[in-house]
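Chains, contacts and geometry: an overview
Here is how the chains run, residue by residue.
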Amino acid sequence: MANQRKALVCGAGGFIGGHLVKKLKREGYWVRGVDIKEHEFVPTQADEFLLLDLREAHNCWQALSVKDGTFDEVYQLAADMGGMGFIHTKRAAAEEQREPAIDAYCERASMRGVERYFFSSSVCVYRDMEPGEPELTEADAIPAHPDNEYGWEKLYAERMAQAYARHYPINVRIARFQNCYGPEGAWRGGREKAPAAICRKVAMADEGGAVEVWGDGTAIRAFTYVDDLVDGIYALMQSDLEGAVNIGSEEYVPVNELVRIVMEVAGKDLRIQHVEGPVGGQARNFSKARIHSLGWEAEVSLREGIERTYPWVLKQVKQTRDEGGK
Ligand code: NAD
């Protein structure tokens, strides 16, 4: 530990945080993970894992306190978070118990002498777009008009982190993630994102049956495979790039195309049944020039990513059935 760089991952019991811990271990770090809960699917690979509610200031201090000096890097991914259904229906309730301490974490980190602080933002900070619109750069998030409170909250937290960076001796890196997917993430229960939800629906459907898709399936999205995303997070953290940076794949597809790819990978011929449901923005198209300037590009195609994700979701579905669940 004495000769290793030390990293703290907040939200290490979650999807991206869990994969980031593995990445940092591969890079040779000593890693402490912190979360309000254990990881649901895999044992943590962190050297140490603390169960802490980071909304409490004293827990933030505990998370940041480490023997032999201080953390070199803090990655803040803890959030009360879910897919579009969660964001639209439960978000107001989540806001009420929102974590001011998590946003102010940066200040405490700098007081503990942390060199670098990473904040996980989202492309939900941008306004809705029309299909075919030219791409938005990071600067185009202002004037702001996100279509949900989650986007506003992320924008505010970005501003706070940048303000701390101006006033304290700490380097802040901010990434705006596009939709991320892969194994070991929420796949049911309302917190899952579209790729996991579609994989689950296809896995559960009987041959010749139907898959329900919210809206008309024409909304355009890019989905980033989680291994690519954590490589991007790491590249950004090591860089000199200040200000927000979009990270995501360049492969934009309508949601109907995502469903078609999942069905192909599953080898199932199903009907798509469009039903009413929260869709979010109609189109997305964001510049990746800043992250590409670091030599990072998403490498895993949507098809390859689904080929790695679908079998994992299928396994969860089968296990749940075997255990008597639905
Ligand atoms: P996740 O829900 O899997 O992980 C978040 C983790 O934070 C969870 O394990 C949760 O228990 C933990 N957490 C919540 N409140 C906490 C608290 N008070 N104290 C300690 N831990 C707490 O979500 P994820 O998909 O891994 O997302 C990680 C980050 O990336 C979040 O900030 C999210 O907003 C952002 N993001 C994710 C996506 C995506 O597609 N997954 C897209 C854009 C942005």
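Look above for the structure.
What counts as what
Residues numbered from 1 in each chain as written. Predicted model: local features only at pLDDT ≥ 70, side-chain atom pairs only at ≥ 80, totals over all residues. Heavy atoms only, no water. Near = heavy atom within 4 Å. Polar contact = N/O pair within 3.5 Å; in protein donor to acceptor, adjacent residues only side chain to side chain. Areas by Shrake-Rupley, 256 points an atom, 1.4 Å probe, with all protein chains shown as cover. Helix = DSSP H or I, 4+ residues; strand = E, 2+ residues; numbered from the N terminus. Nonpolar A, V, L, I, M, F, W, Y, C, P; charged D, E, K, R; others polar. Salt bridge = Lys/Arg side-chain N within 4 Å of Asp/Glu carboxyl O. Buried < 20%, exposed > 50% of the residue type's maximum accessible area, 1.4 Å probe, protein only.

1. Points about the site of the ligand
Ile16, Asp35, Tyr150, Cys180 and Lys193 are the nearest of the 27 residues found near the ligand. With respect to the ligand, the backbone of Phe15 contributes an N or O atom lying 2.8 Å from an oxygen atom. Protein burial of the ligand: of its 820 Å² of free accessible surface, 91% is covered by the chains. Those elements that place two or more of their residues in the shell around the ligand are helix H1 (15-26), strand S5 (116-122), helix H6 (149-167) and strand S7 (179-181). Here the shell around the ligand takes three residues from S5, the largest share from any one element. Counted by class, the shell around the ligand contains 12 nonpolar, eight polar and seven charged residues.

2. What about the pattern of salt bridges?
Evaluated as defined, the whole model comprises 19 salt bridges. Its salt-bridge partner being Arg5, residue Glu115 comes within 3.6 Å of it at the nearest N-O pair. Taken together, the positions of Glu115 in the loop between helix H5 (105-111) and S5 and Arg5 in the segment before strand S1 (6-10) put the pair 110 residues apart, joining distant regions of the chain. Taking relative accessible area as the criterion, Arg5 reaches 32% and is therefore assigned partly exposed.

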